[in-house]
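# Observations on the model geometry
One-letter residues, chain by chain:
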Amino acid sequence: MRPSSRNLILDAAIRVTEREGITGLTLESAAEEAGVTKGGLMYHFRTRDELLLAIQRHLTAAWEETLSAELGKPRDEATVRETIEAYARVGAQGGASKADLAFMIESATQPELATVWEEMMARWSPLPRSTDPGEIDLFLARLAADGWWLFRATSGVDLPAPIEKALQERLLALTAPGTSDTGTGTGTAGD
């Protein structure tokens, strides 16, 4: 089956963002990278803002695909602890891209982009509802995974393998059952 032009354009726009940053992403540069005319691109995305929103959805869908594969079962059958554990394991594996980082930063000033990311995070790593130590540990695991991801995306430093392994173990220890039971379902860390 042939990939859709829409997805080819989104992948091309992500490549432009990886190379030139989000400010270098224009309808023209995305069309050129995708090998389509500007009119062909505008058939799918009438404005740059529509393209940016579609890219954010495309990037978060890829994250959710990776998270689902790591979880190994449908998200709605998992406990909050299990979804956050999957999130922490994926974060510990790396994979930070410049496009992901650019869109995270862009989300700070564009509520539509932020909403896409926030909705995904609410499904995979909801905010704690209480000061229960287990909920706080799960939130700390999310913060640590996010911080590690940001470190990789911005520093260019490769940590020695033993340090990476030790960090992964400490991060995952925060998600280990035993400190409290966070129940089943999705929505908030207290479920």
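Residues numbered from 1 in each chain as written. Predicted model: local features only at pLDDT ≥ 70, side-chain atom pairs only at ≥ 80, totals over all residues. Heavy atoms only, no water.

With that settled, the discussion passes to the overall build of the protein chain. Looking only at helices and strands, one finds 9 helices and 0 strands in the protein chain. For the protein chain, the sequential pattern of α-helices and β-strands runs α-α-α-α-α-α-α-α-α. Dimensions of the protein chain along its principal axes, counting C-alpha atoms only, are 55 × 35 × 35 Å. Relative to its full complement of 191 residues, the protein chain shows a buried share of 39%. (Helix = DSSP H or I, 4+ residues; strand = E, 2+ residues; numbered from the N terminus. Buried < 20%, exposed > 50% of the residue type's maximum accessible area, 1.4 Å probe, protein only.)

Here we come to the pattern of salt bridges. If you walk through the whole model with that rule in mind, you get 12 salt bridges. The residue Glu85 makes a salt bridge to Arg89 at a minimum N-O spacing of 3.1 Å. One end of the pair is Glu85 and the other is Arg89, both in helix α5 (residues 80-93) and 4 residues apart, which spans about a single turn. When its relative accessible area of 25% is taken as the criterion, Glu85 is described as partly exposed. One salt bridge in this structure joins Glu169 and Lys165, with 2.6 Å as the shortest N-O distance. Residue Glu169 and its partner Lys165 are both found in helix α9 (residues 161-173); the two are separated by 4 residues, about one turn of the helix. A single salt-bridge network, built from bridges that share partners, covers Arg15, Arg19, Glu20 and Glu33. (Salt bridge = Lys/Arg side-chain N within 4 Å of Asp/Glu carboxyl O.)

Moving on: the packing of α5 against helix α8 (residues 133-155). The geometry of α5 relative to α8 is characterised by a closest axis approach of 9 Å and an angle of 20° between their N-to-C directions. Here α5 lies roughly parallel to α8, going by the angle between them. Seen from above, α5 lies across α8 with left-handed handedness. Across the interface between the two elements, Arg81, Ile84, Tyr87, Ala88, Gly91, Ala92 and Gln93 of α5 pack against Leu138, Ala141, Arg142, Ala145, Asp146, Trp148 and Arg152 of α8. Across the contact of α5 with α8, the residue classes tally to 8 nonpolar, 2 polar and 4 charged. (Axes fitted to C-alpha atoms, helices over the stretch in contact; angles between N-to-C directions. Parallel < 35°, antiparallel > 145°, perpendicular 65-115°, else oblique. Left-handed = near helix turned anticlockwise from the far one by under 90°. Contact = heavy atoms within 4.5 Å. Nonpolar A, V, L, I, M, F, W, Y, C, P; charged D, E, K, R; others polar.)

Bringing the nonpolar core into the picture now. Across soluble globular proteins, nonpolar side chains have a tendency to be buried as a group. One finds Leu25, Leu41, Phe45, Leu51, Ile55 and Phe103 to be the most contacted residues of the largest nonpolar core, which totals 23 residues. Sorting the residues of this core by element identifies α1 (5-20), α2 (27-34), α4 (48-71), α6 (98-107) and α7 (111-124) as the ones contributing at least two each. Considering each element in turn, this core owes the most residues, 6 residues, to α4. The contact partners of Leu41, leaving out residues within four places of it in the chain, are Ile9, Leu27, Ala30, Ala31 and Val36. Core analysis: the next-biggest nonpolar cluster, separate from the first, contains 22 residues, Tyr87, Trp124, Ala145 and Leu171 among them. (Core = buried A, V, L, I, M, F, W, Y, C linked by side-chain atoms within 4.5 Å.)

Before going further, it helps to spend a moment on the packing of aromatic side chains. A full pass over the atoms with the stated rule returns 2 aromatic pairs. When the ring of Trp63 is compared with that of Trp117, the centres are 6.1 Å apart and the planes differ by 85°; the resulting orientation is edge-to-face. Residue Trp63 is found in helix α4, and its partner Trp117 is found in helix α7; the two are separated by 54 residues along the sequence. Both residues of the pair, Trp63 and Trp117, belong to the buried class. Here Trp63 and Trp149 contribute two aromatic rings whose centre-to-centre distance is 6.4 Å and whose plane-to-plane angle is 65°, an arrangement assigned as edge-to-face. On the criterion of sequence distance, the pair formed by Trp63 in helix α4 and Trp149 in helix α8 is long-range, its members being 86 residues apart. For the pair Trp63 and Trp149, a shared accessibility class is recorded, and that class is buried. An aromatic cluster of at least three residues, connected via ring pairs, comprises Trp63, Trp117 and Trp149. (Phe/Tyr/Trp six-rings, centres within 6.5 Å; stacked < 30°, edge-to-face > 60°.)

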